[in-house]
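# Examining the three-dimensional arrangement
One-letter residues, chain by chain:
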Amino acid sequence: MGALPGPLREALERCEEGGALERGEAYALAKMPWALVGPALLRAAARKRLLHKAGIVSYSRKVFIPLTNLCRDVCGYCAYRKEPGAPGARSLLPEQVLTVAEWGRRAGCTEALFMTGERPEQRYPEAKAWLRRLGYASFIEYLRDMCEKVVKRTGLLPHSNPGTMRYEEMKELKQVNASLGLMLESVSERLCRPGGPHEGAPSKHPRARLAVLENAGRLRIPFTTGLLLGIGEYPEELVDGLFAIRELHERYGHIQEVIIQNFRAKPGTPMALHPEPSQEYMLRAIALARLILPGEVNVQAPPNLTEGYAAYLDAGINDWGGISPLTADYVNPEAPWPSISALRRQTEAKGSRLRHRLPIYPDFILRKREYLPEGLREAIYAAAGEDGFARREVLE
């Protein structure tokens, strides 16, 4: 492993055998010159992935349902959020939700990905009045009802990402979701200060988001989280974010996947001219995630946000995330998803096999059945094959 210091060589060798980095080791590997550390870091991450994931790379065939793009918070990089009455502002009515879900069912999707802005009814009287006309007090209450209706009408399995959630809200959403998600994004409180990307977004404070992750563990909810990279974090903060996730998973066993996502500059946002992270930075971060996190945790990177995304397989990912044959990536509309056939070709070219998964991972279906919501178990078992992956593979 070249000129790496002996203790770091030993740390990477330990990881290749299934172990994990300690914090000091990760700090050092996060800051060393890439030319010195890159090849050894990637080799160790790839070997650990192969050891725990057996050459299988998964994706979820989904339909994206943006319940509303109104949002209480203002993040410096977000173009998804709209003001009431602005061009593109929308909140979907029940019949629109069910229509999109039915399109997804016909296209062979198994996941209904629900997304909302952060509690828009707390900021906008228009949002509160719109909900009241439908008979709801909050978008999370509306979301719960729509998840239940989608399951009953189409059999699609919901995965919801509505922003921060209270314990009782999560308890309700668990009943009608195969899994839930919330990006941690960063543990840096510094990014919440004036001038930072999270200055206008109180829900992005690390304490608020870590509380959600902990409550998910207490409630035994299969949970998706991750980091958003390139928004001003320091290397140590990247590492600290991964360790925060690891510590929660070691306590509760509920983190099913960790997304390593690159910031994309959006026209018209305060960070429109902010530099995007390099592929080298992303490869290092993905490899560190694989080497810090327990082997059973799945590591994902979105393939639509980077040219040459197949390189991420060399850094240790084993999942491409949700891919939709129907709907756009409403958070990054400038970046269409690759076709599933293209994803399969890229994956197989790297010596791995692409598999269609559900929004709850096979490990939870087969070995952590206490995490399955009682009301969805029949639907989950109907959609899953004997190995826990989707029963039906759709080639395109």
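Rules behind the numbers
- Residues numbered from 1 in each chain as written.
- Predicted model: local features only at pLDDT ≥ 70, side-chain atom pairs only at ≥ 80, totals over all residues.
- Heavy atoms only, no water.
- Helix = DSSP H or I, 4+ residues; strand = E, 2+ residues; numbered from the N terminus.
- Buried < 20%, exposed > 50% of the residue type's maximum accessible area, 1.4 Å probe, protein only.
- Polar contact = N/O pair within 3.5 Å; in protein donor to acceptor, adjacent residues only side chain to side chain.
- Contact = heavy atoms within 4.5 Å.
- Axes fitted to C-alpha atoms, helices over the stretch in contact; angles between N-to-C directions.
- Parallel < 35°, antiparallel > 145°, perpendicular 65-115°, else oblique.
- Left-handed = near helix turned anticlockwise from the far one by under 90°.
- Pairing = 2+ DSSP bridges.
- Arc of directions from axis to C-beta.
- Right-handed = clockwise from strand over helix to strand, strands pointing away.
- Core = buried A, V, L, I, M, F, W, Y, C linked by side-chain atoms within 4.5 Å.
- Phe/Tyr/Trp six-rings, centres within 6.5 Å; stacked < 30°, edge-to-face > 60°.

## Some words on the side chain of S186
- Residue position: S186 is located in the loop between β4 (179-181) and α8 (206-218).
- A relative accessible area of 6% places S186 in the buried class.
- For S186, the side chain forms a polar contact with the main-chain nitrogen of S188, separated by 3.0 Å.
- Residues within four places of S186 in sequence aside, it is in contact with L191, P206 and L227.

## Quick notes on helix α12 (residues 340-349)
- Here α12 has its buried residues at I340, A342, L343, R344 and T347.
- Just downstream of α12, G351 is the residue with a positive phi angle, here 85°.

## Topic: the packing of helix α9 (residues 235-252) against helix α10 (residues 279-292)
- In the contact formed by α9 and α10, the axes pass within 10 Å of each other and the chain directions differ by 30°. On the basis of their axis angle, the class for α9 and α10 is roughly parallel. Note that α9 runs across α10; the crossing there is right-handed. Seen from α9, the contacting residues are L238, V239, L242, F243 and R246; seen from α10, they are Y281, A285, L288, A289 and I292.

## Some points on the pairing of strand β3 (residues 157-161)
- Counting buried residues along β3, four of its five residues qualify, which places the element largely inside the surrounding structure.
- Bridge count for strand β2 (residues 111-115) against β3 is five bridges, and the pairing is parallel. The partner of F114 across the bridge, within β3, is S160.
- Pairing of β3 with β4, which is carried by two bridges, proceeds in the parallel orientation. Following the sheet pairing, S160 is matched in β4 by L180.

## Looking at helix α7 (residues 167-174)
- Buried within α7 are the following residues: E169, M170, L173 and K174. Summarising the axial view, the buried residues of α7 lie within an arc of 135°, below the 170-degree limit, and thus occupy one face.
- Buried residues belonging to α7 abut α6 (139-154), β4, α8 and β5 (223-229).

## Observations concerning the pairing of β5
- Summarising burial for β5: seven of the seven residues are buried, a large majority.
- Alternating positions in β5 separate into two faces, F223, T225, L227 and L229 on one and T224, G226 and L228 on the other, with burial throughout.
- Bridge count for β4 against β5 is two bridges, and the pairing is parallel. The residue of β5 that forms the bridge with G181 is T224.
- Running through α8, the crossover from β4 to the neighbouring parallel element β5 is right-handed.
- Sheet topology note: the β5/strand β6 (residues 255-262) ladder contains seven bridges and is parallel. Bridge pairing in β6 links L227 to I260.

## Here we look at the nonpolar core
- Formed by 98 residues in total, the largest nonpolar core has its most connected members in L21, F114, F223, I260, L288 and W320.
- In terms of residue count, α10 provides more of this core than any other element does, nine residues in total.
- Beyond its immediate chain neighbours, meaning those up to four positions away, I260 contacts L227, L229, L242, M282, A285, I286, A289, V299, Q300, A301 and P302.

## Focus: the packing of aromatic side chains
- Under the definition given, this model contains seven aromatic pairs.
- Where W130 meets F139, the ring centres are 5.8 Å apart and the plane angle is 15°; that geometry is what we call stacked.
- Judged by its relative accessible area of 15%, W130 is buried.
- Taking 5.0 Å as the distance between ring centres and 45° as the angle between the ring planes, the aromatic pair formed by Y136 and Y142 counts as tilted.
- For Y136, a relative accessible area of 15% translates into the label buried.
- With a relative accessible area of 0%, Y142 lands in the buried category.
- One aromatic cluster is present, built from ring pairs that chain together W130, Y136, F139 and Y142.

Without other data, these values stay purely geometric and don't point to any function.
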